[in-house]
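Residue-level structural notes
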Amino acid sequence: MSQTYGKTRWKRFALVMVPSIAATAAVGVSIANNALAASFSVSGQSFKVTTPELHGRNFAQFGSIDAESNGTPHPVAVSAFDEATIKGLCQSVVTDPNIIPNLPWKLPKIILRLEAGNSDDVKKQVYAKNLLIDLDQLNADAEFTNINIGQEASTLKGEATQGWKSKLGGLPSGQTGFAQAAEKADLYNVQQTAWATSAGTFKLQGLKLALHTDGSGECY
């Protein structure tokens with residue numbers, strides 16, 4: 001396994017994950033052949049997340065598959081952080097209530113928007129422990145400290161990653177095991193589309209939640 005010490009910066013963080021996203025296609029083949037269970041059951045709706053700053057410790061990323069209850073697969077890149085602080089978190093999801101059968105009314109699309117941690121004081125920002133984000137699109141400015149790119153996913157040691165492993169029966173290995181890991185990950189101007197987020201602890205300081213029906217309210 002190669003090691004790189006120091007700091008590495010990319011203007012488009014999504015470019016780093018091109019090999020891992022490609023690896024999820026091979027994971028999908030394994031699922032089709034009943035060789036690997038889908039990692040996580042999701043609602044079938046993705047959601048948008050933005051933050052001007054995310055600072056994480058013990059970062060790891062690897063490919064996996066989420067799936068709806070009907071079996072529809074969603075290849076994802078799982079981002080894991082043992083700890084993270086998030087400034088100005090925004091999360092939005094769009095729901096069309098008219099897909100409900102036999103609804104007696106015609107309703108507009110509803111946008112649920114959640115905001116938290118909008119403070120320069122780190123003690124008043126969002127704090128997450130053992131944070132896992134299943135995403136399929138991400139734009140950001142990123143800086144990593146002591147990063148390994150191309151690490152075998154089954155060798156990842158972070159607490160968040162090991163939690164994922166214990167719940168879901170193992171990490172990708174072999175041809176589907178492309179991963180990367182870093183001591184620190186500092187992300188700026190983040191825009192991402194995700195299928196799921198989970199955390200052992202998730203503290204939302206200054207939480208605001210609102211419903212929008214006028215077409216506004218999405219984070220980006």
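Summary of the structure given here.

Scoring rules and cut-offs
Residues numbered from 1 in each chain as written. Predicted model: local features only at pLDDT ≥ 70, side-chain atom pairs only at ≥ 80, totals over all residues. Heavy atoms only, no water. Helix = DSSP H or I, 4+ residues; strand = E, 2+ residues; numbered from the N terminus. Buried < 20%, exposed > 50% of the residue type's maximum accessible area, 1.4 Å probe, protein only. Contact = heavy atoms within 4.5 Å. Areas by Shrake-Rupley, 256 points an atom, 1.4 Å probe, with all protein chains shown as cover. 1 Å grid on protein atoms, 1.4 Å probe; cavity = no way out; pocket = protein on both sides within 12 Å on 5 of 7 lines; lining within 4 Å. Points joined across faces, edges and corners; volume = space filled by probe spheres on them. Phe/Tyr/Trp six-rings, centres within 6.5 Å; stacked < 30°, edge-to-face > 60°. Lys NZ or Arg CZ within 6 Å of the ring centre and 35° of its normal. Disulfide = S-S within 2.5 Å.

1. Looking at the overall build of the protein chain
The number of helices and strands found in the protein chain is 2 helices and 10 strands. Mapped in sequence order, the helices and strands of the protein chain form the string β-α-β-β-β-β-β-β-α-β-β-β. Residues classed as buried in the protein chain amount to 41% of the 220 residues present. Once local pairs closer than 6 in sequence are excluded, the contacts in the protein chain between residues at least 24 apart make up 83%. Only carbon and sulfur atoms are counted for the fraction: they give 53% of the accessible area of the protein chain, which is about 11400 Å².

2. So, empty space enclosed by the protein
Counted by the stated rule, this structure contains 1 cavity of 30 Å³ or more. Forming the walls of the largest cavity are 12 residues, and the residues nearest its centre are F81, I133, L138, L187 and Q192. Taken together, the elements giving at least two residues each to the lining of the largest cavity come down to β3 (47–68), β4 (73–87), β7 (126–152) and β8 (178–198).

3. Points about the packing of aromatic side chains
Taken as a whole, this structure holds 3 aromatic pairs when the rule is applied. Look at F62 and W164: their rings are 5.0 Å apart centre to centre, the planes differ by 75°, and that puts the pair in the edge-to-face class. One end of the pair, F62, is in strand β3; the other, W164, is in helix α2 (residues 159–168), and 102 residues separate them in sequence. Judged by its relative accessible area of 0%, F62 falls in the buried class. An aromatic cluster is defined as three or more aromatic residues linked by ring pairs; in this entry it consists of F59, F81 and F144. One Lys or Arg, K48, reaches over the ring of Y220 and ends 4.8 Å from the middle of that ring.

4. Details of the state of the cysteines
Tallying each qualifying case throughout the model produces 1 disulfide. Paired by a disulfide, C90 and C219 hold their sulfur atoms 2.0 Å apart. As the torsion about the S-S bond is roughly -85°, the C90-C219 disulfide counts as left-handed. Of the two residues, C90 is situated in strand β5 (residues 89–95) and C219 in the segment after β10 (208–212); the sequence distance between them amounts to 129 residues.

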